[in-house]
Amino acid sequence: MRHWIRKKYPALKKSRLNKTPDRKRKLSTLSQIVKDLVRTKHQQYFKKIEASFKDNPKHFWSYRKAFLGGLSGAKSTISYNHEVAETPVGQEEPFNKYFCSVFLPATFGLNNSQYTTSSSITDMEISQIEVSVEEVKERLCNLDTTKACGQGKIPPRLLKEYSEQIAHILCSLFIHSLNKGKIPREWKSADVTPIHKKDCKEVAENYHPISLLPILSKVLERCMGNRFYTFVKDLISALQHGFLPNRSCVTQLLPVLHSIGKI
């Protein structure tokens, strides 16, 4: 369908410049082909939703949200601490105040004495960690092109498609950052988006923030993640299943059901 659409627009442009019978006929033929393809694809999409509704209703609800999401005529307002904001620009302040109020800096520390016998203790410094060009290239190739680019404004598709050309440049930048013990200020900035989680949408407390970080900072984090994990994995409780490799809510649920079955 993209192929025929790309052929249609040049024909439309030429027809506007000089409306000859041949160009009109060609434009009419291409327009009809595109129209038939759109109709066919639309029908195939509905059949896909219908066939997958029982096993995976996500497609149906995504279509419903896209189709009915903008039909509400209610004027959205956001309130926090008896302050009401009606305009999109004014709604930033209630969200900002609420998100800042729920953020608490870390006030606790680890008792190092209880980990003195752990094999994870090391004297290695961050500046001694090495990052290879092949590793950076692999991380770039595994980027999800559907993710937002965040503050960096560099689309993940661009980084993925040109990973061969820019991997060595990013590797040098990462090594320099590790040696200095600093990262660019732009990599620590994030676009914070409020996501509704429960109850009415007019109360700021019913939202939670999602931070869209720059893609380059995520690449560096993934390069360092495996190295840090080898040192801290012995310190993680066996009951911890979130944010760990090969563990999830399912792996946590199975031992619970097993324990309940023994009762």
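Our structure's up above, just so we're on the same page.
Colleague: Mind showing me how you'd approach the environment of I5 here?
Modeller: Counting through the fold element by element, I5 comes out in helix α1 (residues 2-17). Using a relative accessible area of 28% as the deciding quantity, one classes I5 as partly exposed. Separated by 28 residues in the primary sequence, I5 and I33 place their C-alpha atoms 9.1 Å from one another.

Colleague: Sorry, what's going on with the pattern of salt bridges here?
Modeller: Working definition: two side chains of opposite charge can pair if their charged atoms are close together. This structure, assessed with the given rule, holds six salt bridges. The salt bridge partner of R227 is E135, with a shortest N-O separation of 2.8 Å. A residue pair is termed long-range when its members are at least 10 positions apart, and R227 in helix α8 (residues 215-232) and E135 in helix α5 (residues 133-141) qualify at 92 residues. The partly exposed category is assigned to R227, whose relative accessible area is 24%. By relative accessible area, which is 12% here, E135 ends up buried.

Colleague: Any chance you could explain the layout of surface pockets here in plain terms?
Modeller: The method is simple in principle: a probe with the dimensions of a water molecule rolls over the atoms, and the space it marks as empty is what remains. A volume near 300 Å³ is recorded for the second largest pocket. Around the second largest pocket sit P88, Q91, E92, F95, N96, F99, F103, V192, P194, P209 and S211, which together line it. The biggest single contributor to the lining of the second largest pocket is helix α4 (residues 92-102), with four residues. When grouped by side-chain class, the residues that make up the lining of the second largest pocket number seven nonpolar, three polar and one charged.

What counts and how
- Residues numbered from 1 in each chain as written.
- Predicted model: local features only at pLDDT ≥ 70, side-chain atom pairs only at ≥ 80, totals over all residues.
- Heavy atoms only, no water.
- Helix = DSSP H or I, 4+ residues; strand = E, 2+ residues; numbered from the N terminus.
- Buried < 20%, exposed > 50% of the residue type's maximum accessible area, 1.4 Å probe, protein only.
- Salt bridge = Lys/Arg side-chain N within 4 Å of Asp/Glu carboxyl O.
- 1 Å grid on protein atoms, 1.4 Å probe; cavity = no way out; pocket = protein on both sides within 12 Å on 5 of 7 lines; lining within 4 Å.
- Points joined across faces, edges and corners; volume = space filled by probe spheres on them.
- Nonpolar A, V, L, I, M, F, W, Y, C, P; charged D, E, K, R; others polar.

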